[in-house]
Structures are given as structure tokens and as C-alpha cells.
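# An overview of the molecular structure
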Amino acid sequence: MDVHGATLQEPARLPLTGLARAADRFERGLGGLVEFVAAVIVLAEIVILGAGVTARYVFHAPLVWADELASILFLWLSMLGAVIALRRGEHMRMTGLVSRVSPGTRAVLEALAVTAAIAFLLLILPHALEYAEEEHFIVTPALEVSNAWRAAALPLGKSLMLIVACLRLMRLGALKPILLAIAITAAFVALFWLAGPMLKPLGKLNLIVFFVGVVALNVFSGVPIAFSFALATFGYLACTTSTPMLVMVGRLDEGMSHLILLAVPLFIFLGALIEMTGMARAMIQFLASLLGHVRGGLSYVLIGAMYLVSGISGSKIADMAAIAPVLFPEMQKRGAKPGDLVALLSATGAQTETIPPSIVLITIGSVTGVSIAALFTGGMLPALVLGIALCFVVWWRYRGEDLSHVVRHSSREIAKLCLIALPAIALPFVIRAAVVEGVATATEVSTIGIAYAVLAGLLIYRQFDVRRLGKMLVDTASLTGAIIFIVGCATAMAWGLTQSGFSQDLARAMSSVPGGGWGFLAISILAFIILGSVLEGIPAIVLFGPLVFPIAHQLGVHEVHYAMVVIFAMGIGLFAPPFGVGYYGACAISKINPDDGLKYIWGYMLALLIGLVVVAAFPWLSTGFLKF
């Protein structure tokens, strides 16, 4: 849930007794140590990349080892972050079915989500150790150290995840659902292992068995999406091919080692920094003074604030967490219904998916080869089009709002608030200009944003709570681990699909859709709305992006235009109930019951869909400002 990373609540536990209490104490100690190391690595990444930018652009003496060291630390950060996310229950998963079953069945499914993860970790761990040993013979070019220092993060991270998962299982308390979950998991593993000789002759039908059947069974049972992908891929390769499992570990490593993905933790941390320093509040107060006296004015402010803040944080959870606590109390005082508020917040989450430096844009650029600078440039206007569509719905719903009690700000007050907000409003434009003009890469520019936010918080807004930094660093590591581990598992799964010949079959099927490029865009919209609701954003992009983007290019659809269409379609699926996890993330942040928003959200989703059709129909909206 970028939400490219929303959190899941801990399952209800019985009171800790005996062994469970000892496990809880050990887990707290181990978890604290891992969190400390991960926080230090996040801080080190910021310092290393910031030093690299400074050395190159200020002193004209580039640090040739900076990117290499950052890459080594990044794999460690991703694995340790995945450990923290597993300990906290923050790995992305679908809980629509789990939340609707009886308490007894839910207890079994909660335990099954952990035992499935344990099964994969036990299966892959020996191969991860072998992979790290093989990397011992490779020497890095700049630092001239063994690549085993980097690759060791894989077996160590998986070992820690295994320990944490076992401890988490013990802490669930009730023994019967735990034993039942272990029995079910063991039975499925044994069944597929014994069925291997019968599965091999099925050929490409195994793709349906594993990548549809196994994935769907795991996802709908509440198993984290990353482990669902990983189990399906491991099962497919082990039971139906002669591929060494060392190759799967290599694909996991490849998916988690793109240097461009280092922008993910840095922008997540920047988003938290924006909220902590009061920059987000300053922007919102200015917009509220400008539009607060208009009918539905604060709803327009919400749309505008998400448009601006999305350009800073790159994480939807961080965006919504920065805005909802500031705006919602005042909107409710004016009579806005909680359901309408959370519906609009969820819709703006989908609307602003293409605002740079979005994590989705960075991910799609890293897995498809499309220029990230071009994606950053192309994402602004399409998001504005969908924002205007949402504004029409707001205008219609609030056309009769009573504003007799609303105080209109004077021009002097608006000017004062504008002056206060100016440094905050300037930040997204500074970030975009630095990337588009080539001053810094998409990864490096985040350090410029962090330095800017720190200085603004200390010198301008005089709001910088040092005590919160530790938690912010750990939260950054956890969300990074959840996202990057999914990217790694989805990369391995995509490789398995590609090697099976699925990509060629998909290309032929989608290329034969009537209507050429327009027909392909139409079926892509439908497909990615479904994928966005089931698989979430980043997994869907990593899994299918490398397969469908070449097809779009062959049919004459510009890659940037296609990226905007796909991202918006995926965003609509991600933030639309009943399956869209982003919707439930918005409800969690707003502390509003999901049922309250169902009545209101469909009007906003229809507006987004109309806006998406407009963006798809007019490619210039996405490509008009590109430098060809």
C-alpha cells in the first residue's frame, strides 16, 4: 500500500504467558537492535549522497566511491527494513477477506500469513547463503572490496526475518490456530513437491497454477504480497523447471539493487521531515486563507494541498498524514461529513500519483528504462486534469453550503500567510528544477530537499523536534523494506514469467486487440485498474511494466503517455473500495470508518475515470512539455 506502504494493525493476542512472554522480551531486544542499525544506515545514506552532490557540484571533485558505498548500504537497509516491517506487521497485504470472517477463522489466517512467510524463508535461505559465497570472488571497482559484503545482507536479512516470524508466531498466543496453520502450510509444500513430476508435462498451464492460483490463494488468505509472489515463483521454478534456485536469489538481488530505488527511503524521510518542520501546515494555512470563504473551499484546499505535498514526499501515506490532521477538524466544524472527507482524500491519493518525485514514477523508470526526468515533466499536467475533474464534483456537492459563519481573510492576512508559506511552496519546484535541469539525479535531489527542509525548519519555521528523528528514521527503514522487498520478489516473478515465454504470448494477445494503440490503451486501463486493486501499485508496475511497455512502443504509444495512463488506472484501483488498500490506508490515517466513505467515493472515482479518459485521448497532456 504505497500506498506504496500503509501499515497493518497487529492481530489481537491473548495475554502473554510463559514461553510467549520470553519470546516477546527477546523479540523486543532483537527488534530494537535491528531498528537502531537500520536508522543509522538511513542517516549514513543521506550523508553519503549529500557529500557526493556537494563534492561534485561545489568542489568539482566527485567522490567516485559514493554511489558504490550507497548501493552496498542500500541492500542492507532494504533487508533490515523488511525485518522491521515483518516484526511490525507492515508488509503490504490484502485483508478484505480476513477482516470479514469469523474470529476463529481469522486467527488461523493470521497465523497462516506468518507460517507461509516462514516456509519461503526456510526454502530460500540455503540458496541465499550459497549466493553470498559465490559473490565472494567478485571485487567492487571503486572500493575494491569483496561483493560478499553486500550480498551477505540477503542471507542475514532472511535469517533475521525467519527468527522474527517465528517469534511473531509464538506471540499470537492461541496454540490451536498456530498448529493448524503450520499443518496447512506443510501440507501445501509437500503436495506441490510430490506433484512436481505431474506438473512438468503441463507446460505453460503451470503459469496459471502458480502465478494465478497460488498467488490468488495466498493474497486472498492475507499472506503478505511479497511472500505470495516469492512462494509462487519458488514453486514454479522448483517444481516445473530445472533452474537452480541460486538464479532466483540473483533476481531478488537484482530487483532490490537498482540505485535509483535509493530515492525511495530518502523521499519517505523527506515527507516526514516536511510534516515535522511545519512546512506542510504553512502551505495548507495559506491555501485555506485563499479559498476558505468559497463554497467547498476547504475541499479545494485538500486537492491543492495534495497536489503540492505529493511533489515533496513521494509517499502517499506521508502525503495524507501531513494533510488530514490539519484540514479535517476545520472541515468537520463546517459541517463536512466524515465519509465525504475520507472519500475525497482517497481520490486525491489516486489523482496525485504522477506528481514528481512520486515513488511510482521512480519505480516505473527503473524497471522499464523510461527517462525519470521525462516522467517527472510529464506527470504534472495530467494530475491537474484529474484534479479539475474532482473539483467539479466538489462544486456540485457543496453548491448549497452555508458560509454565514465563515470569516473571510483580508488581503493583508493572505499576503502574510503567503509569505510564511513561500519557502515551503518553493520546495517541490526546487526539487523538480534540480532533476529536470540536470543539476542532480532523481536519487541525489532528495538530499537537496532534505537539506532545504532542515534549514527551513531550523531557521524559518523554528520547528524542529530532534526527539522525533529516531522514530522517523526507523519508520523510513520499515516502509522502505516493505516496498523494496516487494520489488525484489516481483522482479523474480517477472523473470520467471518472461523465461516461460509468457511475455511473447502477452505481446501477441494485446497487439491483436482491435483499434491498434487506442485499443491497447483501453485494455491497459481496464487491466491496471484490476491489478491496482488486487496487487497494489508498485508490485503491479514491477511485475507487468517490463512486459507491456515494449508493446506500447511497438504500437506507437509514447512511453511517457502510456506511463501516465497506466499509473492513473492503477491508482484508481488502489484507492477504490472494496479491494483498494489505499482507501483503507486513508481511512486509517483519518480515523474514519471505511463504511462511512462508501456512499461518497463513487462520484469521485467516476470523475477520476473521466479525467483518465481525457488524459488517454490527448497524448499532448503528457508529452507536450518534453524536450525531444
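Structural data are supplied above this passage.
Residues numbered from 1 in each chain as written. Predicted model: local features only at pLDDT ≥ 70, side-chain atom pairs only at ≥ 80, totals over all residues. Heavy atoms only, no water.

### Observations concerning empty space enclosed by the protein
Taken as a whole, this structure holds three cavities of 30 Å³ or more when the rule is applied. Considered as a void within the structure, the second largest cavity measures approximately 70 Å³ in volume. As for the second largest cavity, its lining consists of Gly 296, Gly 297, Leu 298, Ser 299, Met 331, Arg 334, Ala 336, Tyr 398 and Glu 401. Ranked by residue count, the leading element in the lining of the second largest cavity is helix α12 (residues 297-313), at three residues. Considered class by class, the residues forming the lining of the second largest cavity number four nonpolar, three polar and two charged. (1 Å grid on protein atoms, 1.4 Å probe; cavity = no way out; pocket = protein on both sides within 12 Å on 5 of 7 lines; lining within 4 Å. Points joined across faces, edges and corners; volume = space filled by probe spheres on them. Helix = DSSP H or I, 4+ residues; strand = E, 2+ residues; numbered from the N terminus. Nonpolar A, V, L, I, M, F, W, Y, C, P; charged D, E, K, R; others polar.)

### A word on the side chain of Lys 158
Relative to the helices and strands, Lys 158 is located in helix α5 (residues 153-170). The buried charged residue Lys 158 lacks any salt bridge, with Asp 253 as its nearest oppositely charged partner at 8.9 Å. Leave out the neighbours within four places in its chain, and Lys 158 touches Met 79, Leu 121, Ile 124, Leu 125, Ala 128 and Leu 252. (Buried < 20%, exposed > 50% of the residue type's maximum accessible area, 1.4 Å probe, protein only. Lys, Arg positive; Asp, Glu negative; His and termini not counted. Salt bridge = Lys/Arg side-chain N within 4 Å of Asp/Glu carboxyl O. Contact = heavy atoms within 4.5 Å.)

### Overview of unusual backbone geometry
Notably, His 60 is not glycine yet its phi reads approximately 55 degrees, a positive angle. Looking at where His 60 falls in the secondary structure, it is placed in the loop between α1 (19-57) and α2 (66-88). The phi angle at Arg 462 is positive, at roughly 50 degrees, despite the residue not being glycine. Here Arg 462 shows up in the loop between α19 (445-460) and α20 (469-499). Since its relative accessible area comes to 68%, Arg 462 is described here as exposed.

### A short note on the nonpolar core
In this structure, Phe 120 and Tyr 562 are the most contacted members of the largest nonpolar core, which totals 220 residues. Beyond its immediate stretch of four places on either side in the chain, Tyr 562 contacts Phe 520, Leu 521, Ser 524, Phe 528, Val 548, Phe 549, Ala 552 and Val 557. (Core = buried A, V, L, I, M, F, W, Y, C linked by side-chain atoms within 4.5 Å.)

### What about α5?
The end-to-end C-alpha distance of α5, which contains 18 residues, comes to 25 Å, matching closely the 26 Å that a straight helix rising 1.5 Å per residue would cover. Within α5, 13 of the 18 residues are buried, leaving the element largely enclosed by the surrounding structure. (Expected span 1.5 Å × (residues − 1).)

### Re helix α14 (residues 338-351)
Across its 14 residues, α14 extends 20 Å between first and last C-alpha, which sits within 8% of the 20 Å expected from 1.5 Å per residue. Within α14, 13 of the 14 residues are buried, leaving the element largely enclosed by the surrounding structure.

### Points about the packing of aromatic side chains
For the structure on display, the rule yields nine aromatic pairs. On the basis of an interplanar angle of 55 degrees and a centroid distance of 6.2 Å, the ring pair of Trp 395 and Trp 396 is categorised as tilted. According to the relative accessible area criterion, Trp 395 is partly exposed, its value standing at 49%. When the centroid spacing of 5.2 Å and the interplanar angle of 20 degrees are considered together, the rings of Phe 520 and Tyr 562 count as stacked. (Phe/Tyr/Trp six-rings, centres within 6.5 Å; stacked < 30°, edge-to-face > 60°.)

### Brief notes about the packing of α14 against helix α24 (residues 559-575)
In the contact formed by α14 and α24, the axes pass within 8 Å of each other and the chain directions differ by 155 degrees. The orientation of α14 with respect to α24, classified from their angle, is roughly antiparallel. Every pair of crossing elements has a handedness; the one defined by α14 and α24 is right-handed. Here Ser 346, Gly 349, Ala 350 and Gln 351 of α14 lie close against α24, whose contacting residues are Phe 568, Gly 571, Ile 572 and Phe 575. Considered class by class, the residues forming the contact of α14 with α24 number four nonpolar, four polar and no charged. (Axes fitted to C-alpha atoms, helices over the stretch in contact; angles between N-to-C directions. Parallel < 35°, antiparallel > 145°, perpendicular 65-115°, else oblique. Left-handed = near helix turned anticlockwise from the far one by under 90°.)

### What about the side chain of Thr 480?
Structurally, the position occupied by Thr 480 is in helix α20. In contact with Thr 480, not counting residues within four places along its chain, are Phe 74, Leu 77, Pro 265 and Ile 268.

### Quick word on the pattern of salt bridges
Throughout the structure, instances matching the rule amount to 11 salt bridges. Across the pair Glu 35 and Arg 88 runs a salt bridge whose closest N-O atoms are separated by 3.9 Å. Of this pair, Glu 35 sits in helix α1 while Arg 88 sits in helix α2, and the two are 53 residues apart along the sequence. Arg 88 is paired through a salt bridge with Glu 90; the nearest N and O atoms lie 3.6 Å apart. Of the residues examined, Glu 90 reaches a relative accessible area of 13% and is grouped as buried.

### Quick look at the state of the cysteines
Counted under the stated rule, the structure contains zero disulfides. Cys 239 takes part in no disulfide bond, and the closest cysteine sulfur, belonging to Cys 489, lies 17 Å away. (Disulfide = S-S within 2.5 Å.)

### Examining the packing of helix α3 (residues 103-134) against α5
Interhelical geometry of α3 versus α5 gives an angle of 155 degrees and a closest axis separation of 8 Å. The orientation of α3 with respect to α5, classified from their angle, is roughly antiparallel. Between α3 and α5 the crossing geometry is left-handed. Facing α3, whose interface residues are Ala 111, Val 114, Thr 115, Ile 118, Leu 121, Leu 122, Ile 124, Leu 125, Ala 128, Leu 129, Tyr 131 and Ala 132, α5 presents Leu 154, Pro 155, Lys 158, Ser 159, Met 161, Leu 162, Ala 165, Cys 166, Arg 168 and Leu 169. Considering only residue class, the contact of α3 with α5 consists of 18 nonpolar, two polar and two charged.

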